[in-house]
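What the coordinates show
The lines below spell out each chain.
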Amino acid sequence: MPAPAERADAIRPPYRAAVAIFAATLVVYVVTLAPSVTFWDAGELIAASHILGVPHPPGTPLFVLLSNVWAKLVPFGELAWRTNLMAAVFSAAGAALWFLIVARALVAEAPAIRFGAAAAGAGLSAVAFTVWQNSNETEVYMVATFTIAAVAWLAVRWREVRGTPRAAHLLLIIIYLEAVSLGNHLLALLVGPALIAFLVHVLRTEPAADDKERGTEWAQLGVVAAAWVLMVGTGLGLTALSAVGALAFLAAAGFAATRRSLTFAAAGLVVAVVGISTYAFLYVSANLGPMINEADPSTVDALLSVIRREQYPPRTPLDDPTFPSGVGNPGRSIGLIALQIANYIQYFDWQWARSLAFETAAGLTPRLPFTVLFTGLGIAGLRELKRADRSIFWLLMVLWLVTGLGLLAYMNFKPGFAIGYDRYPNPGQHEVRERDYFFVVSFLCWGLFAGIGLGALVKHLAARVGRYALAAYSVVLLPFVLNVSVASRRGADAQLPRDFAYNLLQSVEPYGILFVYGDNDTFPLWYLQEVEAVRQDVAVVNLSLAGTHWYLRQLRDNPVRPFDPAGAPARYGALAPPTPPPPPLQLTDAEIASLQSSALAAPLDFAAGPIRRHLPAGTPLYVKDQAILLLVRQNWNTRPIVWSVTAGRENWLRLEPHLLQQGLGVRLQPDTTGLGALPIGAVATPVDVERTRWLADTVYRYAGLLDGKRLRLEPTARGVARNLSVPYVSLVYAYEVLRQRALLTDAVRRWVALSPTAAAEEYLQFIESPAADSLFEP
């Protein structure tokens, strides 16, 4: 083994080139960056970071703290844009580190091959569809991928400085990064097996000349490996695995003591504890009572429940995920595993030419040649990497396997959002959205392999065509060109989350209660209320959380914030009471704790003022259902009560005779006088035509979808746009009954603009044709 100083001097990392890779990647991301809040978890994460609250388990304390500090350091732009930029910066920094790693692996090659392949690998991994799209929004995954890249680069640098004090310091930094990453996302811990494989291969193939030094290095490796096991157990909240990790660490520390490395083991434990300590933030924050305080980790037991994710249904790698875990679960079948692998292949197929989504007559997509091309380049890259640097080969190969098929085996996903309906026809048997982001590191690794393969191709061609072979590097542009339109978040998709949230909030009069259900009709609302202070008077009640006692306590304890007429439609100003009402839920802790899901043993006659409903014996009443009835009983005459059209009819609890659609809301009407004379709308309740038209035409915002452009929306945005069309569909029903053709035609046109289905377009053609004249004859 060469002397450390000789190796370090001979291999100077190309940091200037890495900075250029960082800058170029960041420009690509910034140009396509989401200018506002996006769907799913982003709204919650931004809002929680802004107020230093607690997002959903496991709470991501590091991400909350990072985002809060970052937003203060970047003093310009909308807050959501700033936190989106943070994700882009972390991702671009990761691309620079991957460049350095590949450049080190190919150090023996000519500069055109070494740096060309490294740049190609970094570029391909950066513009792979899933990597690119997750680099444009506020999410935890790019911080995790940066952490993985940093650990991998530090391991490579450790190899360069073995035999010096710096080597141990780098390993301690690695332990710290792994530990602190628990506060962001467990994805970063998946670098552990790859790291250990790299360290083992280096120590076996390049042993130190001195026996004492060899023993020290193996002892330090044992500490690093045991610390990783301990951190996995801690991150998953698994007592048994944590105990195994603790025993392994004690054994590693004992071995280290025999090799005079006990100080290293003690320091490793200290830096691990310091890293893990970010979880203390959740405890402190929860006790301060922020408006977003999911699972309320204000006690040690509650904090442990958050870390263990006890809020979510359990699932083991052996379960059939379409059934509840436990007794009666039929187990994971070969057919299901095959479908899960097919789902991974589907996601892999997206990475290099995602915009080519349409199918040919043979059922294939035009993406296939590009997928074959980059698959072949990746295989060639693996062969070249194995030849050039066997240790880095094992580092990246194990990382690819663990974050791809390994993660698939462990996570045991339901059938994908868009496949497998022939065998699993119920949408509830599928994931609620595409889960390609879980495999982001796997696709990133394949981009690196493909870049190395491209370098090998250029090297092969150079022997035949000379410098003209460098033109082959232009292949890197293919994923950029073929992904930019779908990876960019600057279209209508970028404004829909905020506009949809705004519309839902403005559907409710001052101090109203708004029932919502899912992430996308909740998290953007939280963003608007907490970050932009829009309609903070509205009590947003998420029914998927209302079955938990901690959430009901927060509905009782959270302050009632005043109505601000400046942020609401003008006509609402006259409707606001002079003083805010009391909190929407008035129950003691004991009364909340007594709420348990059950079926009614006897008939129940529910009464709230003039509202009377009979619930027969055997009716299932979940805790959320009891919460709805309690909120109705305690607020029917003091607060407007509204269900979002996205909340689901099953949550109306047989109150249909008292419900009236107003725009995107279905409002409780204690006095039913006149409801029977109103036309029935799209949600099968009477529709308030005047209020719905006023909201839809003058209050609501539509992210430019009514401008006449046919826009290609991703599935989530397309579903939300369809929800935005519901008021107009109800107006279509109403204007048919009222025989108001001009208004009907206008409503249909807006319906088509928001939800251009074949049925809507056919109806528009009909209503504009002479064939519809008979519908409007006196």
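Residues numbered from 1 in each chain as written. Predicted model: local features only at pLDDT ≥ 70, side-chain atom pairs only at ≥ 80, totals over all residues. Heavy atoms only, no water.

**Let's talk about the overall build of the chain**
Counting its secondary structure elements, the chain contains 30 helices and nine strands. Here the C-alpha atoms of the chain give a radius of gyration of 29 Å, agreeing with the 28 Å that 2.2 N^0.38 yields for 778 residues. Its C-alpha atoms give the chain principal-axis dimensions of about 95 × 65 × 55 Å. The buried share of the chain, taken over its 778 residues, is 57%. Restricting the contact set of the chain to residue pairs at least 6 apart, pairs at least 24 apart contribute 72%. Roughly 31500 Å² of accessible area belongs to the chain as shown, and the carbon and sulfur atoms make up 63% of that amount. (Helix = DSSP H or I, 4+ residues; strand = E, 2+ residues; numbered from the N terminus. Rg over C-alpha atoms; globule rule 2.2 N^0.38 Å. Buried < 20%, exposed > 50% of the residue type's maximum accessible area, 1.4 Å probe, protein only. Contact = heavy atoms within 4.5 Å. Areas by Shrake-Rupley, 256 points an atom, 1.4 Å probe, with all protein chains shown as cover.)

**Quick look at the pattern of salt bridges**
A side chain of one charge can pair with a side chain of the opposite charge if their charged atoms are brought near each other. Following the criterion strictly, the structure yields 28 salt bridges and no others. Close ionic contact of Arg498 with Glu532 constitutes a salt bridge, the shortest N to O distance being 2.4 Å. Taken as a pair, Arg498 in helix 21 (residues 492-506) and Glu532 in the loop between helix 22 (523-531) and strand 2 (539-542) lie far apart in primary sequence, 34 residues in all. By relative accessible area, Arg498 is classed as buried at 15%. Linked through salt bridges whose partners overlap, the residues forming this network are Arg104, Arg159, Glu160 and Asp389. (Salt bridge = Lys/Arg side-chain N within 4 Å of Asp/Glu carboxyl O.)

**Some words on the sheet that holds strand 1 (residues 513-516)**
Adjacent strands of a sheet pair through backbone hydrogen bonds, lying either parallel or antiparallel. As summarised here, the arrangement of the five strands in space is 2-1-7-9-8, forming an open sheet in which the pairing is mixed. Two strands close off the open sheet at either side, each with one partner strand: strand 2 and strand 8 (659-662). The sheet shows a mean angle of 30 degrees between the axes of neighbouring strands, direction not considered. Of the pairings in the sheet, the one linking strand 1 to strand 7 (residues 641-644) comprises three bridges and is parallel in character. Paired with Phe515 across the two strands is Trp643, which belongs to strand 7. (Pairing = 2+ DSSP bridges. Axes fitted to C-alpha atoms, helices over the stretch in contact; angles between N-to-C directions.)

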